[in-house]
Each structure stands twice: as structure tokens, then as C-alpha cells.
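# Observations on the model geometry
Given next are the chains, with one letter for each unit.
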There are 2 protein chains.
Amino acid sequence: MVVTLKDVARASGVHTSTVSRAFSASHLVNPETRIRVLAVANELGYRPNRAARALSTRRTGNLGVIVADIANPFFPPLIKAAQDQARARDHHVFIADTDERIDVEEEAVRSMVGQVDGLILVSPRLSDRRIRELADEVPLVVVNRRLRRLPCVLMDVGEGIRLAVGRLADLGHREIATVLGPPASWTGRAAVRAAEETAREHGVRTYRVGPHQPTEEGGAAAFDAVLDLGVTAVLAHNDLMALGLLRAARERGVAVPERLSVVGTDDTLTARHTRPALTTVAMPVDAAGRAAVDLLLRGADPEVVTLGTRPIERDSTGPAPRG
Amino acid sequence: MVVTLKDVARASGVHTSTVSRAFSASHLVNPETRIRVLAVANELGYRPNRAARALSTRRTGNLGVIVADIANPFFPPLIKAAQDQARARDHHVFIADTDERIDVEEEAVRSMVGQVDGLILVSPRLSDRRIRELADEVPLVVVNRRLRRLPCVLMDVGEGIRLAVGRLADLGHREIATVLGPPASWTGRAAVRAAEETAREHGVRTYRVGPHQPTEEGGAAAFDAVLDLGVTAVLAHNDLMALGLLRAARERGVAVPERLSVVGTDDTLTARHTRPALTTVAMPVDAAGRAAVDLLLRGADPEVVTLGTRPIERDSTGPAPRG
DNA sequence: GTGAAAGCGCTAACAG
DNA sequence: CTGTTAGCGCTTTCAC
């Protein structure tokens, strides 16, 4: 059924080691034999078994990318950028989705260890401690979380959030709610901190709502609480949750932005298409994906790459309603 | 650095095979030794190397899902459903994105063979012939393409398209354009065929535009050609392209649906949120993902699972403008 | 330049 | 119940 090195060796009358060399150390083999062997291999449809190869070389040529939820449009562009970069450096990418579940994340990592040369953990939900343990077993780059002495790629949401909150203050908003995503989200915490600091500097009051699942449903679930607070603007943990808020607002007849301004985070595809178009904080996901692969493949000292973010003002924010 | 079976064996004073059995055939080992061995293993932080294990068992416990573009919101829900189902059956899922490129798809398949127990090809761009060859090397399920004597999961877009076109005819449309996606798209061809047949039955004329990339950009690129045809309605290969058409229409000041009705396919997340909300054909992606895993794991005779589709009427379609 | 042999980490008969 | 042995598919010394 499956053609192995041995089959090729037999069919071309040389030893397996010669066939092996023909593939992975072609300069060590007589050009003529090499050509003959490759011809036979091709004829037979031989494909090296990468897993077996990895067993002796300790290099698989694969990288693993582990994300919380590929259905969250924030992740795919990052994954694709990582993939492009990996391909340019002659590696393949295996992706795993953890469904926002910590046990699944653990399992995903475990199943990849040994089949990849390195792992990129995007917005991991695992504990810092556990990530450090894993880093001992396999080269690791963490995206969206800061861990001392580990290579990290960070997107400074704080920067974009500060600008966004400043803008809301200028528009006259005096009470703002932040809608929280998963408690384990490192960037989420950083964003909330940045929002609250900036708000304080502008004399704006803040409230927290949540945590909720970082999904459209989660955002919708938060809407009533937001409304009850009587705020005039709300910052959502991500665009998905902002979409949920937008939908709930429409269903409840709450005008956006006239009565409530809504700000998302991520600038996903949908943000440009919502009604009203969503104001949001754009993340440099492409750069992050590429940087993660570079860090992983460079394998040098645990460097930290920090990338900037900025708010994109669309139609879901406007002047605060007059009291 | 990395702990192996041998290390555990040495540390617990038994043979490697006993350690192996303690892990994968625990009933074949004395309870006391097993407990001791597992304790030592745990102490040492031993993790079985799945790739090595697979080399002898020929079972990896992994399934591969290969999709054309994870950034296309059509795919993630399918992947997630497949993942859930796989997990329920004690398997992991590795995902690969082929960037709509046939060479990358080939590479992705190749890199996964040997590291997975089976492959799910979603909307493959590879030739039928090549897919059949691959099916000889690795268990395979094809989604969104019909291949004789191979297990397939099909979503009958035709069904939804026929209903959608019928509805357009009822709304008075007499000239309709179909915007084509990638030439290699099997469902795309089926959809166009269904559209043209139904149109003919209703005395409606059809035109084809494209092919274009199945992306928002691709859709936008098709807009001018659509406009030039003077049609009053357009069916897009997928929602992404429909979004592009919507955007281009807005930019050109063409009112949707007053002057042009737009229909997508897939019913992705964004469709509900566009302005106007997109009429589209909903695909049973969850069911498809689950069915694909079931077929793969059952490994029985090459069955074909066909799932129905239906149009969802929103605000991007309306009565044809009066001539 | 090529073959022989050992080994990567693990499992699977086969004895005992 | 456990140790021995062989082998999964491939690479890598080490001789010749």
C-alpha cells in the first residue's frame, strides 16, 4: 500500500541508506545513482514518511499554531500570516483550535509535541506556570501574553484603547462600561486597565460588565447589564462581543450611536460591514503572525516583540446624548 | 531534556516494555508495578512520544482537515464541528490552510500523511485524479465534491439556489448574473448549473461573470462587469464575494436591493450584519463537519452523505426595478 | 560512493 | 506478569 525506502532500495538495487542519501544528502551520492534512484522512487510514488524521519533527525519541518477559536475572525489572518512566513522558511503549519477550553488546549499542545519543531500559543488560556513547563519540552512562542524569559509577541491594545477612550471623553461621554471577555485573557486585562486609567485621567467613570464568553452571544448577554448602568458608551472585549451588543441594541430599540456608542477590538472583517459600521481598535495581526514564526525559527534569546495598535473610528460611536 | 520510556524504565527498575504496557495495555501489568511505574513517570514528567508510538501502532490519534482558506468564514464552523466530533471519538484534529493554492494543498496533504490517521479535504482544488491517488495512501473523506467510490459529504447548494432563483423570478427579475469563484470549485459549478436551469424554467436570462478569487476583493472586482450586463440581480459564489459586491455597489451609489438584488452563499456570520443584511443560501456546515469525521472514522464503504440547503431571505433582495 | 549496522522512541509477539 | 527480541521508516556513523 504505502511505499517505503526499502521498497525503493529493492527496486533500484541499492541499499536503503543510499536511497536516503539520494533524498536528503544528494551530494554524498553518485549523480548517476541518484538520478536512477529518484526515478525509481518517483515511479513507485514514494513519499518520505516525515514522522519517521523526524524520529532520527529531531526535525519535523512542522510548526504548530494553537488558537482559542478559529471561528473568531481575529485569528485567521494571524494564522495565515504565520503560515506564509513559515512557508517562506520551508516549514508547514498545523493549526489546533482549543474551543476556549483549557483542558482542550492542554491536550492540543500535548498531541503536537513531538510532531512539530515548535509551537505558537496565541492568546493561551493555560496558566503561566504550565506554559513555562511546556517551554521546557518544546520551543515556544507566546502571542498576546507577556511571560518573562520566554519569547513573546505582544500587541499593545492599551495604546489603541487609550486613544479610543480619549476620543470618547472628547465626545462628551462621562460614563463608560467595559464588557469583559474570558478572565484568562491577558490582553483583555491590559485593555481594561488602559481604559480605566485613561478614563480616570479624563474624569470619566467606568464600570465593568462580565466576564462573558468572547462571542456574539456573550456580547448580547451583556447588553442588559450595560443598559442598566446607564452608561453612554461601551467598550467590548472584542468585535464579536461588540456585534452581539449591536444586535441586542437593535432588538431593544436602542439607537447606536445616538443613545449608546459601541467600540470593539480587533477590526475583524465584519466590523466594516455592520450597521452601523463598528468603531474598533485595529490589531497588527499580520505582523504578529510573522513575528511569531520568526522568533520561533530564530530560536535565539527570549525576545519580546511589541506591536502598536490604533482605533478606527466608524459609525458606532458619536457624541454623548445630552443628559 | 526530554524524558523517554527508557529513562522511566531505568528509574523504576523494569524493562521498557513494561513501562510501555503500563501506559497502553495496563491490564497486562501487575497493578503494583503499574502504579509504581506511573508514579515514576509522572515524577520525571514523562510524555509518550506520539509520533514514535504511531510508527509501530500505525495509529496517530490525529485527523487532518485541509481547507482552502480559514479566513473564509465558511470554513471555521465546519472545522469546529469536525473537531467536536473527533474529540468525542478520542481524536485530535490538525488543520491546514492551502491559501486556495493547489501546490500548497498538495504539500499540506503530503506533510500530513503519516502524522494522521485520515484526512478530510474540504472543497479541494486538487484534480479528481490526484485525490484518488492520495486516497490510496491515506484514508480520505472529501467534502463539497463528488468522487465515485470515495466517501463524500455533499451540501446540495443546488437545492437552495433553485429556491432562491425561483424567488427572484417571482420578484420580477428577468436577467440575472452569476459571479463565479475558482474554476476548480465543484460546488460552485453545481450552483451555477442549478441557477441556470431554474432560470431557464422561469424564462429568466442568465449571464456569467468571472471567475474571480472567492474573496471580498474578488467580488468587488466583478461588480463593474455585473453592472455593465444590466442585470437586476446577482448570485455570488459565496458570501465573501457578495460582500465585495455590496461594498462596490455602495461606493458606486447603486442602491441594493432597489436597483440590484444581491444573493450570497454560505450564510456566514457577517451576512446577518451587513447593510443591507445579505440574502444568502445557508449551508449545513456543522452537520457536514460531523458527517465527515464519522465517515472517516467508520472507515466503511465509500458512502455519500448529502445534506440539504435553503435560502435565507434578508434585505439585499427585493422586487426587480421597473424597466 | 556505497553497504552494514546501530539507533531515534515506542510497541508487539514470544518466551518464560 | 515481565524480560527479550525484533521492527515501524528513516538517518547516520563507520568501514570498505
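Please read these numbers as outputs of a predicted model, since none were measured by experiment.

### Here we look at the overall build of chain A
Within chain A, the regular secondary structure consists of 12 helices and 12 strands. Relative to its length of 323 residues, chain A is extended, with a C-alpha radius of gyration of 25 Å against a globular reference of 20 Å. In terms of overall dimensions, chain A has a C-alpha envelope of 90 × 35 × 30 Å along the principal axes. Within chain A, the fraction of its 323 residues that count as buried is 58%. Partitioning the intrachain contacts of chain A with sequence separation of at least 6 by distance along the chain shows that 69% fall at a separation of at least 24. Looking at chain A as shown, the accessible area adds up to about 13,800 Å², and 48% of this sits on carbon and sulfur atoms.

### Focus: the UniProt feature "domain: HTH lacI-type" (unreviewed entry) in chain A
The feature "domain: HTH lacI-type" (unreviewed entry), as annotated in UniProt, sits at residues 3-57 of chain A in this numbering. Each end of residues 3-57 of chain A is marked by a C-alpha atom, and these two atoms are 20 Å apart; helix forms 71% of the span and strand 0%.

### Considerations on the sheet that holds strand S6 (residues 175-179) of chain A
Residue and element names in this part refer to chain A. The strand order S7-S6-S8-S9-S10-S12 describes an open sheet built from 6 strands, whose pairing is mixed. Edge strands, defined here as strands with exactly one partner in the open sheet, are strand S7 (205-209) and strand S12 (310-312). For this sheet the average axis-to-axis angle between neighbouring strands, irrespective of direction, equals 25°. One ladder, built from 4 bridges, connects strand S9 (residues 261-266) with strand S10 (residues 279-282); its direction is parallel. Bridged to Val263 within S10 is Thr279.

### Here we look at the pattern of salt bridges
The final tally for this structure, using the stated rule, is 48 salt bridges over all chains. One salt bridge connects Arg129 of chain A with Glu133 of chain A, and the closest N-O pair in it is separated by 3.4 Å. Of this pair, Arg129 of chain A and Glu133 of chain A both sit in helix H7 (residues 128-137), 4 residues apart, which is roughly one turn of the helix. Residue classification places Arg129 of chain A among the exposed residues on the basis of a relative accessible area of 60%. On the basis of relative accessible area, Glu133 of chain A is assigned to the partly exposed category, the value being 33%. When the shortest N-O distance is used, the salt bridge between Arg89 of chain B and Asp294 of chain B registers 3.0 Å. In this pair, Arg89 of chain B sits in the loop between helix H5 (75-88) and strand S2 (92-97) while Asp294 of chain B sits in helix H12 (residues 285-298), placing the two residues 205 residues apart along the sequence. Of the residues examined, Asp294 of chain B reaches a relative accessible area of 18% and is grouped as buried. Each of the salt bridges in this network shares a partner with another, and the network as a whole consists of Asp69, Asp97 and Asp99 of chain A together with Lys80, Asp84 and Arg87 of chain B.

### With respect to the domain arrangement of chain A
Buried accessible area, meaning the area lost when the parts come together, often serves as the stated size of an interface. For chain A, the assigned domains read domain 1 (5-57), domain 2 (62-151 + 285-303) and domain 3 (157-284). For domain 1 of chain A and domain 2 of chain A, the distance between their C-alpha centres works out to 33 Å.

### Comments concerning the relation of the copies chain A and chain B
Note: a rotation about an axis with an accompanying shift along it relates these two copies of the chain. The transformation that overlays chain A on chain B combines an axial shift of 0.1 Å with a rotation of 180°, and the residual RMSD is 0.2 Å. These values place the two chain copies in the arrangement generated by a two-fold rotation axis. Counting the interface residues of chain A, we find that 100% of their copies in chain B are interface residues as well, pointing to one common contact surface.

### Section: the interface of chain A and chain B
Tallying the contact residues gives 49 residues for chain A and 49 residues for chain B. Ranking the residues of chain A by area buried against chain B places Lys80, Gln115 and His273 of chain A at the top, with a combined share of 14%. Our count for the chain A to chain B interface comes out at 10 salt bridges. Of the charged contacts in the structure, one is a salt bridge between Arg87 of chain B and Asp99 of chain A, with a shortest N-O distance of 3.5 Å.

### Here we look at the protein's contact with DNA strand C
Inspection of the region around DNA strand C gives 28 residues, with Thr18 and Arg58 of chain A together with Leu5, Ser20 and Arg53 of chain B positioned closest. Arg21 of chain B places a polar side-chain atom, nitrogen or oxygen, 3.4 Å from a base nitrogen of DNA strand C. Elements supplying a minimum of two residues to the surface near DNA strand C: helix H2 (16-24) and helix H4 (50-57) of chain A together with helix H1 (5-12), helix H2 (16-24) and helix H4 (50-57) of chain B. With 5 residues, H4 of chain B is the largest single contributor of residues to the surface near DNA strand C.

### A few points about the side chain of His91 of chain B
Residue and element names in this part refer to chain B. Note on placement: His91 falls in the loop between H5 and S2. For His91, a relative accessible area of 11% puts it in the buried group. Once residues lying within four places of it in the same chain are set aside, the contact partners of His91 are Arg59, Gly61, Asn62, Leu63, Ala86, Asp117 and Leu297.

### A word on unusual backbone geometry
Among all residues save glycine, negative phi is the norm, and among peptide bonds the norm is trans. Between Val256 of chain A and Pro257 of chain A the backbone carries a cis peptide bond, its omega angle lying at 5°. The topology assignment puts Pro257 of chain A in the loop between helix H11 (239-252) and S9. Put simply, Arg275 of chain B and Pro276 of chain B share a cis peptide bond, and its omega is -10°. Positionally, Pro276 of chain B belongs in the loop between strand S9 (261-266) and strand S10 (279-282). A positive phi angle, near 45°, is found at Ser123 of chain A, a position not held by glycine. By secondary structure assignment, the location of Ser123 of chain A is in the loop between strand S3 (118-122) and H7. One non-glycine residue, Arg149 of chain B, lies in positive phi territory at about 65°. Tracing the chain through its elements places Arg149 of chain B in the loop between strand S4 (140-143) and strand S5 (152-155).

### Remarks on the pairing of strand S6 (residues 175-179) of chain B
Residue and element names in this part refer to chain B. The buried fraction of S6 is high, at 4 of 5 residues. As paired strands, S6 and strand S7 (residues 205-209) are joined by 5 bridges and run parallel to one another. Counted as the bridge partner of Ala177 is Tyr207 from S7. As a crossover connection, the stretch from S6 through helix H9 (residues 186-201) into S7 is right-handed. Sheet topology note: the S6/strand S8 (residues 233-236) ladder contains 4 bridges and is parallel. Residue pairing in the sheet places Ile176 in a bridge with Ala233 of S8.

### What to know about the packing of helix H8 (residues 157-170) of chain B against H9 of chain B
Residue and element names in this part refer to chain B. In the contact formed by H8 and H9, the axes pass within 8 Å of each other and the chain directions differ by 35°. Handedness of the H8/H9 crossing: right-handed. Contact residues: H8 offers Val157, Gly158, Ile161, Arg162, Val165 and Gly166, while H9 offers Thr187, Ala191, Ala194, Ala195, Glu197, Thr198 and Ala199.

### A few points about the protein's contact with DNA strand D
Close to DNA strand D lie 28 residues, the nearest being Leu5, Ser20 and Arg53 of chain A together with Thr18 and Arg58 of chain B. Here a phosphate oxygen of DNA strand D and a side-chain polar atom of Ser20 of chain A are 2.7 Å apart. Here Arg53 of chain A contributes a side-chain N or O atom positioned 2.6 Å from a phosphate oxygen of DNA strand D. Listing elements by their share of the surface near DNA strand D, those giving two or more residues are helix H1 (5-12), H2 and H4 of chain A together with H2 and H4 of chain B. Broken down by element, the residue count for the surface near DNA strand D peaks at 5 residues, all from H4 of chain A. In the surface near DNA strand D, the residues fall into 9 nonpolar, 13 polar and 6 charged.

Thresholds, definitions, all that
Residues numbered from 1 in each chain as written. Chains lettered and ligands numbered in written order. Predicted model: local features only at pLDDT ≥ 70, side-chain atom pairs only at ≥ 80, totals over all residues. Heavy atoms only, no water. Helix = DSSP H or I, 4+ residues; strand = E, 2+ residues; numbered from the N terminus. Rg over C-alpha atoms; globule rule 2.2 N^0.38 Å. Buried < 20%, exposed > 50% of the residue type's maximum accessible area, 1.4 Å probe, protein only. Contact = heavy atoms within 4.5 Å. Areas by Shrake-Rupley, 256 points an atom, 1.4 Å probe, with all protein chains shown as cover. UniProt positions renumbered as here; feature names shortened; annotations may be inferred. Pairing = 2+ DSSP bridges. Axes fitted to C-alpha atoms, helices over the stretch in contact; angles between N-to-C directions. Salt bridge = Lys/Arg side-chain N within 4 Å of Asp/Glu carboxyl O. Domains from an automatic or database assignment. Least-squares fit on C-alpha atoms with pLDDT ≥ 70 in both. Buried area = accessible area lost by both parts, 1.4 Å probe. Near = heavy atom within 4 Å. Polar contact = N/O pair within 3.5 Å; in protein donor to acceptor, adjacent residues only side chain to side chain. Right-handed = clockwise from strand over helix to strand, strands pointing away. Left-handed = near helix turned anticlockwise from the far one by under 90°. Nonpolar A, V, L, I, M, F, W, Y, C, P; charged D, E, K, R; others polar.

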